[in-house]
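# Architecture and fold: a report
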Amino acid sequence: MIDEERDERAPLGPGVPAETVLAELRRLRKLDRPTHGGRLFAYVYDPAVPGLDELAVAAYAESAHVNGLDPTAFPSLLAMENALVGAAARLLGGGPGSTAPDVVGSVTSGGTESLILAVKAARDAHPEIAAPRIVVPASAHAAFAKAAHYLRVALDPVPVSAETLRPAAADIAAAIGPETVLVVCSAPSYAHGVVDPVAEIAAVAAAAGVRCHVDACFGGWTLPWLRRLGAPVPPFDFAVPGVTSISVDLHKYAYAPKGVSVLLHRDAALRAPQYFAFADWPGYTMINPVIASTRSGGPIAAAYATLRHLGDDGYLRLAALTRDAVSGLADAVRGVDGLRLMAEPESTVVCFTSTDPELDLFVLVDELAARGWHTQPQLSYADLPASVHLTVTASVAPRVAEFGPDLLAAVAAARAAGPVRLPDELRALASTLTPEALTPDLVAGLAAGLGLGAVGAAGDGAGAGEASTSGTGPLPERMALVNALLDAAPPALRERLLVEFVGLLQRPTW
Ligand SMILES: Cc1ncc(COP(=O)(O)O)c(C=O)c1O
């Protein structure tokens with residue numbers, strides 16, 4: 001059938017005034033979780049410093065159209081990148097006067113890219129190894145699994161202790177083989193916020209002649225200041241012999257807008273295999289230190305401005321606020337019967353689990369959300385129970401006093417509601433279904449049954465702009481059922497179900 005309205009020559013519709021577009025964006029943004037205000041404990045890092053957003057946005061705008069593809073064409077970007085790398089290196093035990101004076105690095109788009117590149121550099125340093133492998137604690141960030149997948153490197157996960165949530169260096173040593181090109185540890189881990197025994201792990205890696213990467217994406221910009229404030233932070237940076245590379249994300253605790261991480265190597269020879277170079281075509285010779293080729297200067301300039309503005313004193317003050325917020329939140333958790341901290345907080349994470357079968361964590365997460373606190377549920381894994389993760393930033397400090405009473409109220413409501421009872425057929429499905437057996441019909445039926453829908457369109461056609469203001473987004477208000485289903489499924493089925501669900505959401509707007 002031919003659609004009379006369809007006009008392939010005008011797929012975008014007529015241009016609309018700037019104000020209309022911005023109004024559309026603002027309506028869409030109302031769907032989102034609150035990025036400011038200290039009540040969102042994942043995804044965003046908010047220092048609540050007056051004027052900082054405006055500064056970062058102005059800096060972003062200044063360099064948004066600059067292209068990081070060629071540092072000789074845009075020396076401003078090169079200068080800013082070198083300054084960011086220098087600052088990160090000095091913060092993390094490198095630079096002049098240190099035991100790692102030759103540290104070099106690159107600015108990447110985020111933690112995942114930094115980790116992929118750390119794995120690539122390690123892999124390509126050993127072209128003679130046909131089937132390279134990396135040894136990672138089971139608690140290492142999922143980005144290492146992504147790196148392994150993308151780069152066709154095998155992953156050797158080492159279990160972590162259910163008590164300490166850390167791997168034993170002896171187990172890491174035992175996992176290292178002749179094909180191991182990289183050993184990994186976290187400072188700290190995302191899920192629980194604990195710092196791995198970096199010195200011991202780096203020592204066993206060095207003894208085996210293998211690189212050791214410290215993933216400090218999450219905590220690299222807080223641990224040094226927490227240490228200066230007196231916290232007992234164990235050695236985790238270039239001061240540790242055997243640490244060959246470190247990643248630290250500026251879009252996390254350096255409080256820069258999204259899109260900036262730094263990957264450091266102890267020296268230029270270690271970094272060399274990270275580069276990609278190609279001259280064998282008729283166009284420009286491509287020399288890329290990172291995955292992207294064309295890169296906006298926006299995030300880099302915004303990070304540069306953020307670091308310059310906050311400075312040492314700013315980060316020290318923000319670390320103190322964060323430390324106090326962490327201790328207040330941890331106290332609130334300790335005060336609740338039926339909740340247990342997964343670990344004593346040693347960085348900027350508060351993570352707790354339930355010790356009471358009648359207190360369902362997934363119901364609790366919903367009850368907290370209903371009270372305006374957005375926490376992150378973590379599914380059970382191996383012998384670790386499901387938990388609730390709180391990434392704590394400086395903006396939380398003024399909210400801590402409100403959290404305790406709300407937590408108590410949410411716990412009481414969760415107990416009153418009782419645990420999620422998965423319908424028998426869903427429980428059976430979760431435990432018996434294999435990922436391969438998932439059909440599109442089954443997925444669509446499951447998604448509909450769980451209340452997973454599609455977000456309203458952004459455009460102004462057919463009232464879609466209105467739809468986007470009124471809905472609550474693509475997820476049901478209460479997620480406990482979805483989380484309970486996922487929790488009952490093994491990891492491979494979780495992955496497949498979520499790929500399918502997210503795929504259902506990511507559909508073009510016509
Ligand atoms: C320890 C750690 N490594 C890596 C990453 C991945 O960072 P990104 O989301 O910026 O890719 C994260 C993100 O939370 C992290 O916490």
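Look above for the structure.
These notes cover the structure that comes with them. (Residues numbered from 1 in each chain as written. Predicted model: local features only at pLDDT ≥ 70, side-chain atom pairs only at ≥ 80, totals over all residues. Heavy atoms only, no water.)

### What to know about the site of the ligand
Taken together, 13 residues form the shell around the ligand, and within it Gly 111, Thr 112, Asp 215, His 251 and Lys 252 come nearest. Separating an oxygen atom of the ligand from a side-chain N or O atom of Thr 112 is a distance of 2.5 Å. Starting from 390 Å² of accessible surface for the ligand in isolation, the protein chains cover 84%. Residue contributions to the shell around the ligand peak at three residues, all from helix α4 (residues 111-124). (Near = heavy atom within 4 Å. Polar contact = N/O pair within 3.5 Å; in protein donor to acceptor, adjacent residues only side chain to side chain. Areas by Shrake-Rupley, 256 points an atom, 1.4 Å probe, with all protein chains shown as cover. Helix = DSSP H or I, 4+ residues; strand = E, 2+ residues; numbered from the N terminus.)

### Considerations on the sheet that holds strand β13 (residues 387-391)
Reading across the sheet, the four strands line up as β10-β11-β13-β12 and stay open at both edges, with antiparallel pairing between neighbours. Each edge of the sheet is formed by a strand with only one pairing partner; in this case those strands are β10 (339-341) and β12 (376-378). Within the sheet, the average angular offset between the axes of one strand and its neighbour, ignoring direction, is 30°. Note: strand β11 (residues 349-354) against β13, four bridges, orientation antiparallel. When the sheet's bridge partners are listed, Phe 352 is paired in β13 with Val 388. Where helix α11 (residues 361-370) meets the sheet, its contacts fall on β10, β11, β12 and β13, and the angle it forms with β11 comes to roughly 130°. (Pairing = 2+ DSSP bridges. Axes fitted to C-alpha atoms, helices over the stretch in contact; angles between N-to-C directions. Contact = heavy atoms within 4.5 Å.)

### As for the pattern of salt bridges
Inspection of every chain in the model, using the stated rule, returns 18 salt bridges. Residue Arg 415 pairs with Asp 356 through a salt bridge whose shortest N-O separation is 2.9 Å. With Arg 415 in helix α12 (residues 400-417) and Asp 356 in the loop between β11 and α11, this residue pair connects regions lying 59 residues apart in the sequence. By relative accessible area, which is 33% here, Arg 415 ends up partly exposed. Overall, the relative accessible area of 19% leaves Asp 356 in the buried class. (Salt bridge = Lys/Arg side-chain N within 4 Å of Asp/Glu carboxyl O. Buried < 20%, exposed > 50% of the residue type's maximum accessible area, 1.4 Å probe, protein only.)

### Side note on the sheet that holds strand β4 (residues 180-186)
Strands sit in the order β1-β7-β6-β5-β4-β2-β3 across an open sheet of seven strands; the sheet is mixed. Single-partner strands in this sheet number two, and they are β1 (104-108) and β3 (154-158). For this sheet the average axis-to-axis angle between neighbouring strands, irrespective of direction, equals 20°. Two elements, β4 and strand β5 (residues 211-215), share five bridges in a ladder whose sense is parallel. Residue pairing in the sheet places Val 184 in a bridge with His 213 of β5. Of the strands in this sheet, β4 and β5 are in contact with helix α7 (residues 198-207), which crosses β4 at around 175°.

### Comments concerning the packing of aromatic side chains
Here the structure, examined in full by the defined rule, presents 13 aromatic pairs. Plain terms: the ring middles of Tyr 190 and Phe 218 are 5.4 Å apart, the flat faces sit at 90° to each other, and that makes the pair edge-to-face. One end of the pair, Tyr 190, is in the loop between β4 and α7; the other, Phe 218, is in the loop between β5 and α8 (223-228), and 28 residues separate them in sequence. Judged by centre distance (5.1 Å) and plane angle (85°), the rings of Trp 373 and Phe 403 are edge-to-face. Linking Trp 373 in the loop between α11 and β12 with Phe 403 in helix α12, this pair joins segments that are 30 residues apart in sequence. Of the two residues, Trp 373 and Phe 403, both sit in the buried class. The rings of Tyr 45, Tyr 190, Phe 218, Tyr 253 and Tyr 255 are connected pair by pair, giving a single aromatic cluster. When the ring centre of Trp 373 is taken as origin, the NZ or CZ atom of Arg 39, which lies over that ring, is 4.0 Å away. (Phe/Tyr/Trp six-rings, centres within 6.5 Å; stacked < 30°, edge-to-face > 60°. Lys NZ or Arg CZ within 6 Å of the ring centre and 35° of its normal.)

### Here's the deal with the packing of helix α10 (residues 298-334) against α12
Two elements in contact, α10 and α12, have axes whose closest approach is 9 Å; the angle formed by their N-to-C orientations is 15°. In terms of orientation, α10 and α12 fall into the roughly parallel class. As α10 runs across α12, the sense of the crossing is right-handed. Contacts between α10 and α12 involve Ala 325, Gly 328, Leu 329, Ala 332 and Val 333 from the former and Val 400, Phe 403, Gly 404 and Leu 407 from the latter. Classifying every residue of the contact of α10 with α12 gives seven nonpolar, two polar and no charged. (Parallel < 35°, antiparallel > 145°, perpendicular 65-115°, else oblique. Left-handed = near helix turned anticlockwise from the far one by under 90°. Nonpolar A, V, L, I, M, F, W, Y, C, P; charged D, E, K, R; others polar.)

### Side note on the nonpolar core
Counting residues in hydrophobic clusters, the biggest one holds 71 residues, and the most contacted among them are Val 214, Trp 221, Phe 236, Leu 250 and Leu 264. In terms of residue count, the dominant contributor to this core is α10 (nine residues). Ala 325, Leu 341, Leu 368 and Leu 390 belong to the second largest nonpolar core, which has 52 residues in total. (Core = buried A, V, L, I, M, F, W, Y, C linked by side-chain atoms within 4.5 Å.)

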